[in-house]
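Fold and geometry: a report
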Amino acid sequence: MAFVMDIVKGILIGIANIIPGVSGGTMAVSLGIYDKLIASVSNLLKDWKNSLKVLLPLAIGLGIGIVGFTYAIEYLLSHHTFVTCMAFVGLILGGLPVLVTSLKKELRRSSSSIGISGILAFLILFSIAVFLPMLNSEEEVLRTFSVTPMTLILLFLVGVIASATMVVPGVSGSLVMMILGYYYGIIETIKSFLDAVRSFDMTGMIHGFMLLFPFGIGVLLGIFLIAKLITFLFNRYGVQTYCAILGLIAASPFAIFYNTGVIAKLSSLTVLQVGLGIVLAVVFGIVTMKMGEKG
């Protein structure tokens, strides 16, 4: 029964990781398995048997959650873009109180102030989160990937960055991919690969595998290597790290609207769409706040 429950928890974490604005780390905290998960990852080489007992059911659930929700998220972003984006914004902003509380705790623990370094960390990450999406044209944002050496290298690096942020409570790996301009492409690649598997399209399966394999390797390395660096940053430069995360989160609504093309379509929205978007932003913001308080 514990194995099945861990699979269910893995499914919820997988769904959380694929939704921009929802932190897989926060979900793990809320489900009461964050410490166990991080300990198992850190001790995988030292105590691989016990680590696998924890990680295997979670990994199975994670895969089910990501695969199952890929189709839903692709449909929502394609057919209900503004409303879906507003739900994402609510999920993002709802997580701010938890991060602010964590920053205050870190300030008390370290007996320090935010200072110039904290302000600079906030501004740098805020600027990056605003500037990077503007480098992508609308065609690039909605692009599909070709199998080229440079694409494979970039997908590997995106996997490392995204997975490293996935394990940090309050930070969404999918949001980071959206800011980098790779979220749509990766979602479409996963969907195309699954479609190819269902239809036994060998060409499509090989193409999808060639793209997803370096991304998957990057995800694994990010979890096992970069996550330790992030832990070091929290321990050594906690205030600056939280300020940087807050800068990223504060700028992320713009990144979401820009990367999904919503900004160019604002004038064509109906009153119903705007009203529903606001309601969903408030509702999902409250959901995130409650989930963070529970964690």
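Above this text sits the structure in question.
Read on for an overview of the structure. These figures come from a predicted structure and were not determined experimentally. (Residues numbered from 1 in each chain as written. Predicted model: local features only at pLDDT ≥ 70, side-chain atom pairs only at ≥ 80, totals over all residues. Heavy atoms only, no water.)

**Points about the environment of threonine 84**
Going by this rule: Only DSSP runs of H or I covering at least 4 residues are called helices, and only runs of E covering at least 2 are called strands; the numbering of each starts at the N terminus. We call two residues in contact when some of their heavy atoms are within 4.5 Å.
Take threonine 84: it is sitting in helix 5 (residues 81-94). For the pair threonine 84 and glycine 277, spaced 193 residues apart in sequence, the C-alpha to C-alpha distance is 7.4 Å. Residues in contact with threonine 84, not counting those within four places in the same chain, are Leu76 and Leu77.

**Some points on helix 4 (residues 48-79)**
Put simply, the test is: Here, expected helix span is obtained from the residue count minus one, scaled by 1.5 Å. In this analysis the local bend is the angle between axes fitted, respectively, to the seven residues ending at and the seven residues starting at the residue. Note on exposure labels: buried denotes an accessible area under 20% of the residue type's maximum, exposed denotes more than 50%, and partly exposed covers the range between, all computed with a 1.4 Å probe on protein chains only.
Taking 1.5 Å per residue as the helical rise, helix 4 with its 32 residues ought to reach 46 Å, and the 44 Å between its terminal C-alpha atoms agrees with that figure. Maximum bend of helix 4: about 35 degrees, positioned at phenylalanine 69. Taken residue by residue, helix 4 has Ser51, Val54, Leu55, Pro57, Leu58, Gly61, Gly65, Thr70, Ile73 and Leu77 as its buried positions.

**Observations concerning the pattern of salt bridges**
Oppositely charged side chains can pair when the atoms bearing their charge come close. Cut-off, in case you're wondering: Each reported salt bridge corresponds to a side-chain nitrogen of Lys or Arg within 4 Å of a carboxyl oxygen of Asp or Glu.
In total, this model carries three salt bridges according to the counting rule given. Across the pair aspartate 195 and lysine 191 runs a salt bridge whose closest N-O atoms are separated by 3.5 Å. Residue aspartate 195 and its partner lysine 191 are located together in helix 11 (residues 183-198), separated by four residues, close to a single helical turn. According to the relative accessible area criterion, aspartate 195 is partly exposed, its value standing at 26%. A salt bridge links arginine 198 to aspartate 195; the nearest nitrogen and oxygen atoms lie 3.2 Å apart. Pair noted here: arginine 198 and aspartate 195 are both in helix 11, with a separation of three residues, about one helical turn. According to the relative accessible area criterion, arginine 198 is exposed, its value standing at 63%.

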